[in-house]
Amino acid sequence: MQNHEKGKILILKLYHKIFSILIYDNQIRAIQAENQLTAGLGSIYVGKVQNVSSNIGAVFVEIRKGELTFLPLAQAKDAILVNRQADGSIKAGDELLVQLVKEPVKTKLAGVSTKLSLAGSYVVVESGRAEHIRISAKLGVKYRHLYQELEPLKEIAGRFDIIIRTNAAHAGNPAEIVEEARSLAAQMEHILEIGDKRTCFSCLYQSEPEYLSFIKNSYLSEYEEIVTDEREIYDRLIESNATNNNIRYYEDSMLPLYKLYAVETRIKELLDKKVWLKSGAYLVIEQTEALIAIDVNTGKYETRKNQEETYLKINLEAAEAIAKALRARNLSGMILVDFINMEKKEHVQQLIESMKSLLKKDSVPAYVVDITGLGLMEITRKKKNKSFAEQMKDVSIQTEEE
């Protein structure tokens, strides 16, 4: 691929996993690895409360026989109970509708929510009667006219919350957005209708394969086509309404898709702690259980003239690389960045503003919190799924160069 060519989403099998890869400007912008064709996240169950622990604000809900999950106690008042009349309380033995929203991580249980949500390419429909229609802040002021053009959504909003996603800007016309919202609302109504008629541990809604969610959560402005060399996946993409973009079936037995795009080499680079910058400087990214630590080093970049300007240049380059790495590696939680120390306050402020601007491009909410007393930049990024390194823990990567 040539630089500045509009990107592609690749979906392929490698290492007994299915990889969804967004490549833009010849770089991996986002990547996801799943172990099977259907994933659990997003699935909706009739769960059973096994225990309520007020002192830690936790409710432990069994969604399948022997499989406990964690529900924040604060959500009890919103629970949709199916075995008794809801009264704002929750107790052991209650049966309720929950949606799987977080995977288990090490000793932590999987997380569930009583707020049920169905996502399309342009719209998210959530259970509840708040009668809200919200538009993604990333659409900007120029898309506020959608409020007027999407007048028919008010009927749906009387029953559910509606969120207009960033990708709505790329819909062919407002009618497409309304149609998707109506379809999702009908699906949600069906789930709520059958909820009290199904036995405990029933799965009311099976989540779609993660590659479909990956497509829906990718900015349409970043890719022009979806390419796969798996016939089963290609057929599923054609059948689904996940995207209006071109879907291409790649056929070349002599040069598999993963080799054409050097996927193994790219994956190995993403798992490497060291990230080289064009200037010769480099980053060291350390992922610990508590936080992500990123160190910026001058590396091979040497100059004796105007060091302050040099440090600013390296830091700005590093900020861009860090923003890309957070998204590509799916790093989340608390991130501390040790940039090269700069004396001028205006340079420090310029770096902060640059980082804030770069993080706004992320499809996952990410923010600069502050500069700590030790001069470290503190960033937070919302947790969405496991980090890419965690997804790849069971894989040993060997590239042809080795």
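Right above here is the structure, for reference.
(A) Region of interest: the overall build of the protein chain. If you tally the helices and strands in the protein chain, you get ten helices and 21 strands. Dimensions along the principal axes, computed over C-alpha positions, put the protein chain at roughly 75 × 55 × 50 Å. In the protein chain, buried positions account for 46% of the 402 residues. Partitioning the intrachain contacts of the protein chain with sequence separation of at least 6 by distance along the chain shows that 62% fall at a separation of at least 24. As presented, the protein chain carries roughly 20,600 Å² of accessible surface, and 48% of it is formed by carbon and sulfur atoms. Put simply, the protein chain has 54 plus and 57 minus side-chain charges, and the middle of one group is 3 Å from the middle of the other.

(B) Spotlight on the packing of aromatic side chains. Scanning the model with the defined rule gives four aromatic pairs in all. Summarising the aromatic geometry, the rings of Tyr234 and Tyr249 are spaced 5.4 Å apart at their centres and angled 45° between planes, so their arrangement reads as tilted. A residue pair is termed long-range when its members are at least 10 positions apart, and Tyr234 in helix 5 (residues 231-239) and Tyr249 in strand 15 (residues 246-249) qualify at 15 residues. Judged by its relative accessible area of 18%, Tyr234 falls in the buried class. Note on Trp276 and Tyr282: the rings are 5.0 Å apart at their centroids and 55° apart in plane angle, and the pair reads as tilted.

(C) Spotlight on helix 7 (residues 263-271). Taken residue by residue, helix 7 has Val263, Glu264, Arg266, Ile267 and Leu270 as its buried positions. Angularly, the buried residues of helix 7 cover 165° about the axis, an arc narrow enough to put them on a single face. On its buried face, helix 7 sits against strand 1 (7-14), strand 2 (17-24), strand 3 (27-34), helix 6 (257-260), helix 8 (307-328) and helix 10 (388-391).

(D) Quick look at the layout of surface pockets. A volume near 860 Å³ is recorded for the second largest pocket. For the second largest pocket, the lining is made up of 23 residues, of which Gln27, Val275, Trp276, Ala321 and Lys324 are closest to its centre. Here the lining of the second largest pocket takes six residues from helix 8, the largest share from any one element. Looking at the lining of the second largest pocket residue by residue, the classes come out as eight nonpolar, four polar and eleven charged.

(E) Representation of the packing of helix 8 against helix 9 (residues 345-359). Put simply, helix 8 and helix 9 touch, their axes get as near as 10 Å, and they point 20° apart. With respect to helix 9, the element helix 8 is oriented roughly parallel. Two packed elements cross with a definite hand, and for helix 8 against helix 9 that hand is right-handed. Contacts between helix 8 and helix 9 involve Glu308, Glu309, Leu312, Asn315, Leu316, Ala319, Glu320, Ile322, Ala323 and Leu326 on the former and, on the latter, His347, Gln350, Leu351, Ser354, Met355, Leu358 and Leu359. For the contact of helix 8 with helix 9, a count of residues per class yields ten nonpolar, four polar and three charged.

(F) Region of interest: unusual backbone geometry. Located in the positive-phi region is Asn26, a residue other than glycine, with phi close to 65°. Looking at where Asn26 falls in the secondary structure, it is placed in the loop between strand 2 and strand 3. The class of Asn26 is partly exposed, set by a relative accessible area of 31%. Phi is positive for Ala262, which is not a glycine, with a value near 50°. As for its position among the elements, Ala262 is in the loop between helix 6 and helix 7.

(G) Seen up close, the sheet that holds strand 12 (residues 161-164). Strand order in this open sheet of four strands is 9-10-12-11, and the pairing throughout is mixed. Each of the sheet's edge strands pairs with one partner strand only, and the pair in question is strand 9 (117-119) and strand 11 (133-135). Between one strand axis and the next, the sheet turns by 15° as a mean value, whatever way the strands run. Note that strand 11 and strand 12 share three bridges and pair parallel. Opposite Arg134, over in strand 12, you have Ile163 as the bridge partner. Each of strand 9, strand 10 (123-126) and strand 12 touches helix 3 (residues 174-194); the most contacted strand, strand 10, lies at about 25° to it.

Basis of the calculations
- Residues numbered from 1 in each chain as written.
- Predicted model: local features only at pLDDT ≥ 70, side-chain atom pairs only at ≥ 80, totals over all residues.
- Heavy atoms only, no water.
- Helix = DSSP H or I, 4+ residues; strand = E, 2+ residues; numbered from the N terminus.
- Buried < 20%, exposed > 50% of the residue type's maximum accessible area, 1.4 Å probe, protein only.
- Contact = heavy atoms within 4.5 Å.
- Areas by Shrake-Rupley, 256 points an atom, 1.4 Å probe, with all protein chains shown as cover.
- Lys, Arg positive; Asp, Glu negative; His and termini not counted.
- Charge placed at Lys NZ, Arg CZ, Asp CG, Glu CD.
- Phe/Tyr/Trp six-rings, centres within 6.5 Å; stacked < 30°, edge-to-face > 60°.
- Arc of directions from axis to C-beta.
- 1 Å grid on protein atoms, 1.4 Å probe; cavity = no way out; pocket = protein on both sides within 12 Å on 5 of 7 lines; lining within 4 Å.
- Points joined across faces, edges and corners; volume = space filled by probe spheres on them.
- Nonpolar A, V, L, I, M, F, W, Y, C, P; charged D, E, K, R; others polar.
- Axes fitted to C-alpha atoms, helices over the stretch in contact; angles between N-to-C directions.
- Parallel < 35°, antiparallel > 145°, perpendicular 65-115°, else oblique.
- Left-handed = near helix turned anticlockwise from the far one by under 90°.
- Pairing = 2+ DSSP bridges.

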